[in-house]
Amino acid sequence: MEDRMKYDVIIIGAGPGGIFSAYELIKNDPKCRIAVFEMGHPLGKRICPIVAGKTKSCIHCKSCSIMSGFGGAGAFSDGKYNITNDFGGTLYEYVGKQEALDLMKYVDQINLQYGGEGTRLYSTAGTAIKRTCIQNDLHLLDASVRHLGTDINYIVLQNLYNELSSKVDFFFDTPVKSIQAKKDGSGYLAICEDQEYDCRRMIVSVGRSGSKWMERVCREMGIPTESNRVDIGVRVELPATVFSHLTDELYESKILYKTQKYGDKVRTFCMNPRGVVVTENTNGIITVNGHSYESAEKQTDNTNFALLVAKHFSEPFKDSNGYGESIARLSNMLGGGVIIQRFGDLIRGQRSTEQRIRESFVTPTLNATPGDLSLVLPKRILDGIIEMIYALDKVAPGTANDDTLLYGVEVKFYNMEVEVDRTLQTKYPGLYIIGDGSGITHSLSHASASGVYVARNILNA
Ligand SMILES: Cc1cc2nc3c(=O)[nH]c(=O)nc-3n(C[C@H](O)[C@H](O)[C@H](O)COP(=O)(O)OP(=O)(O)OC[C@H]3O[C@@H](n4cnc5c(N)ncnc54)[C@H](O)[C@@H]3O)c2cc1C
């Protein structure tokens with residue numbers, strides 16, 4: 001019994017970071033005894049009651065099936081693997097630019113091997129859109145994007161689970177309460193509800209849903225952290241044809257704009273051609289996000305993307321995520337969840353109503369509460385979003401139409417950055433923090449790459 005609970009490596013979190021570290025470890029060292037602890041369900045049991053049509057609004061499940069479980073926050077995502085150092089995280093600062101790209105390419109190859117074969121790789125290299133953007137004061141960031149799509153992404157995860165399940169011990173519905181460094185320095189304990197598990201090395205990959213937990217663990221263990229950024233904005237939904245010249249060629253275009261009024265940076269984020277708008281639950285707060293599907297029958301007539309304004313805080317304020325949460329809470333308070341407003345209504349200073357939404361030429365893909373986003377978003381942020389919508393209208397005419405739908409709020413929370421060395425190891429030898437939970441990555445490809453990287457470091461240690 002005692003033996004069964006001892007592992008060479010314990011991984012906390014079965015998101016892309018955790019999955020890819022387990023994959024790389026077991027592939028290169030089949031004898032390695034690995035346990036993965038995941039507070040959410042196995043993939044097949046991850047069913048959100050809203051998606052299943054059992055309820056219209058979030059009922060705050062004990063573990064959110066959208067954010068938690070095998071596959072992590074990425075399981076029902078659009079599966080856009082961006083191979084770039086320009087966005088998605090700062091892994092390159094730890095591992096070097098070329099190594100970061102090589103790791104992301106390696107992850108891409110594994111995804112292809114496990115079900116992603118035949119999916120398209122888009123690239124900004126040599127596109128004329130870049131020039132059109134610059135001519136209109138907009139900046140297109142460089143990237144290659146593997147678009148798996150929600151459906152293929154799910155199949156890849158299923159296949160990876162099938163590959164790993166006989167070689168790795170998975171503990172689902174098992175949140176790790178805390179971590180302890182063993183007094184004799186021989187490793188770490190993962191402390192769960194009724195049992196403790198012992199390991200020599202530990203990889204913590206708890207993602208965004210584990211951000212509060214991570215903060216507490218770092219506080220308890222005296223691991224330094226830093227936090228000063230949050231991105232706040234709206235999700236834009238419009239007829240797919242308005243953006244089709246960009247999405248057909250690039251799939252996802254990351255476009256940056258600096259506002260004339262305040263010099264703030266606004267950017268497009270998570271573009272979903274012919275996709276749907278969805279809600280997201282982060283620590284009980286309902287925000288908005290988007291999905292799209294590779295298979296034609298699930299596609300819609302709309303494209304959605306986020307417009308986010310980056311908010312950096314300086315001393316003495318430290319709780320940037322708390323600030324973002326307060327704004328999201330305001331929209332939850334006024335709208336019972338996500339608020340929807342027509343761009344025309346916003347500009348005219350009037351709330352949207354059920355009737356105005358019904359009569360709109362754009363049919364919303366998410367059932368949200370018609371309301372007034374100007375009562376929720378700070379003026380500076382709203383001004384930035386409106387400025388960018390007019391700027392985008394020059395490269396994609398129709399963006400600033402009255403019937404363009406805005407959903408709010410979308411918040412991109414950044415986990416605080418945990419202090420780790422170049423091997424992603426904390427000041428505790430053998431305790432690694434990776435993926436979005438480390439604050440270093442914010443994307444599928446970077447989180448997965450950090451998993452591979454840390455596994456290789458452990459194998460070479
Ligand atoms: C709707 C949506 C769409 C997205 N689309 C994209 C996209 O197209 N492209 C892209 O690059 N990124 C996308 N993202 C972001 C992407 O999913 C994340 O960057 C990525 O999943 C991070 O991987 P991770 O392994 O670090 O963390 P996560 O995927 O968040 O996984 C962490 C796991 O740890 C578990 N956990 C947390 N705390 C504990 C604990 N104490 N004990 C046990 N388990 C714990 C959680 O349940 C979770 O399953 C999207 C996110 C969402 C929510």
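Check the entry above for the structure.
First things first, this report covers the structure right here in the doc.

Quick look at the overall build of the chain
Thinking step 1. Counting its regular elements, the chain contains 12 helices and 22 strands.
Thinking step 2. A globule of 461 residues ought to have a C-alpha radius of gyration of about 23 Å, and the chain, at 22 Å, matches this closely.
Thinking step 3. Based on the C-alpha atoms only, the size of the chain along its principal axes is roughly 65 × 45 × 45 Å.
Thinking step 4. Per-residue burial over the chain gives 52% buried out of 461 residues.
Thinking step 5. Here the contacts in the chain between residues at least 6 apart in sequence split such that 76% fall between residues at least 24 apart.

Structural notes on the pairing of strand β8 (residues 176-181)
Thinking step 1. Pairing of β8 with strand β9 (residues 188-192) involves 5 bridges; the strand directions are antiparallel. Bridge pairing in β9 places I179 opposite A190.
Thinking step 2. Turn length for the β8-β9 hairpin, with the two strands adjacent in sequence and antiparallel, is 6 residues, and the turn residue G185 shows positive phi of about 75°.

Observations regarding the sheet that holds strand β4 (residues 120-123)
Hydrogen bonding along the main chain pairs the strands of a sheet, whether they run parallel or antiparallel.
Thinking step 1. The strand order across the open sheet built from 3 strands is β3-β6-β4, with neighbouring strands paired in antiparallel fashion. Each of the sheet's edge strands pairs with one partner strand only, and the pair in question is β3 (80-83) and β4. Strand-to-strand twist across the sheet, computed as the mean angle between neighbouring axes with direction ignored, equals 20°.
Thinking step 2. As paired elements, β3 and strand β6 (residues 144-147) share 4 bridges and run antiparallel to each other.

Quick look at the environment of A400
Thinking step 1. For A400, the position within the fold is in the loop between α11 (379-395) and β20 (405-413).
Thinking step 2. The class for A400 is partly exposed, based on 19 C-beta atoms found within 10 Å.
Thinking step 3. Residues in contact with A400, not counting those within four places in the same chain, are F343, I389, Y390 and D393.

A few points about the sheet that holds strand β17 (residues 302-312)
Thinking step 1. Pairing is mixed in the open sheet, where 8 strands are placed in the order β5-β13-β14-β17-β12-β20-β18-β19. Edge positions in the sheet fall to β5 (138-140) and β19 (369-370), since each of these pairs with one other strand and no more.
Thinking step 2. Relative to β20, strand β18 (residues 339-342) is paired through 4 bridges, and the arrangement is antiparallel. Note that in β20 the partner of I340 across the bridge is Y407.

Digging into the site of the ligand
Thinking step 1. Within the structure, the ligand sits among 43 residues, and G13, G15, G72, G207 and G435 are positioned closest to it.
Thinking step 2. Sorting the residues of the shell around the ligand by element identifies α1 (16-28), β3 and α12 (444-460) as the ones contributing at least two each.
Thinking step 3. By residue class, the composition of the shell around the ligand is 14 nonpolar, 23 polar and 6 charged.

Quick word on the nonpolar core
Thinking step 1. If you look at the biggest cluster of nonpolar residues, it comprises 132 residues, and the most contacted ones within it are V9, I10, I34, I385, Y407 and V409.
Thinking step 2. Counting residues per element, this core draws most heavily on α11, which supplies 9 residues.
Thinking step 3. The residues contacting V409, other than those within four sequence positions of it, are I232, V234, T287, V288, I327, A328, S331, V376 and L377.

A closer look at the packing of helix α3 (residues 97-116) against α12
A pair of packed helices is captured by two measures, namely the crossing angle of their axes and the spacing between those axes.
Thinking step 1. In contact at an axis separation of 9 Å, α3 and α12 are set at 100° when each is read in the N-to-C sense. Taken together, the axes of α3 and α12 lie roughly perpendicular to each other. Contacts between α3 and α12 involve A100, L103, M104, Y106 and V107 on the former and, on the latter, S445, S448, A449, V452 and Y453.
Thinking step 2. When grouped by side-chain class, the residues that make up the contact of α3 with α12 number 8 nonpolar, 2 polar and no charged.

Examining α11
Thinking step 1. Over its 17 residues, α11 runs 25 Å from end to end, which matches the ideal 24 Å to within 8%, given 1.5 Å per residue.
Thinking step 2. Within α11, burial applies to I381, L382, G384, I385, I386, M388, I389, A391, L392 and V395.

Examining unusual backbone geometry
Thinking step 1. Cis peptide bonds are those with omega within 30 degrees of zero, and the linkage from G408 to V409 qualifies with 0°.
Thinking step 2. Mapped onto the secondary structure, V409 falls in strand β20.
Thinking step 3. At Y251, a residue that is not glycine, the phi angle is positive and equals roughly 65°.
Thinking step 4. Look at C270: it is not a glycine, yet its phi comes out positive at around 50°.
Thinking step 5. Using a count of 22 C-beta atoms within 10 Å as the deciding quantity, one classes C270 as buried.

Reading the values: rules and limits
Residues numbered from 1 in each chain as written. Predicted model: local features only at pLDDT ≥ 70, side-chain atom pairs only at ≥ 80, totals over all residues. Helix = DSSP H or I, 4+ residues; strand = E, 2+ residues; numbered from the N terminus. Rg over C-alpha atoms; globule rule 2.2 N^0.38 Å. Buried ≥ 20, exposed ≤ 12 C-beta atoms within 10 Å, placed from the backbone. Contact = placed C-beta atoms within 7 Å. Pairing = 2+ DSSP bridges. Axes fitted to C-alpha atoms, helices over the stretch in contact; angles between N-to-C directions. Near = placed C-beta within 6 Å. Nonpolar A, V, L, I, M, F, W, Y, C, P; charged D, E, K, R; others polar. Core = buried A, V, L, I, M, F, W, Y, C linked by C-beta atoms within 7 Å. Parallel < 35°, antiparallel > 145°, perpendicular 65-115°, else oblique. Expected span 1.5 Å × (residues − 1).

Without other data, these values stay purely geometric and don't point to any function.
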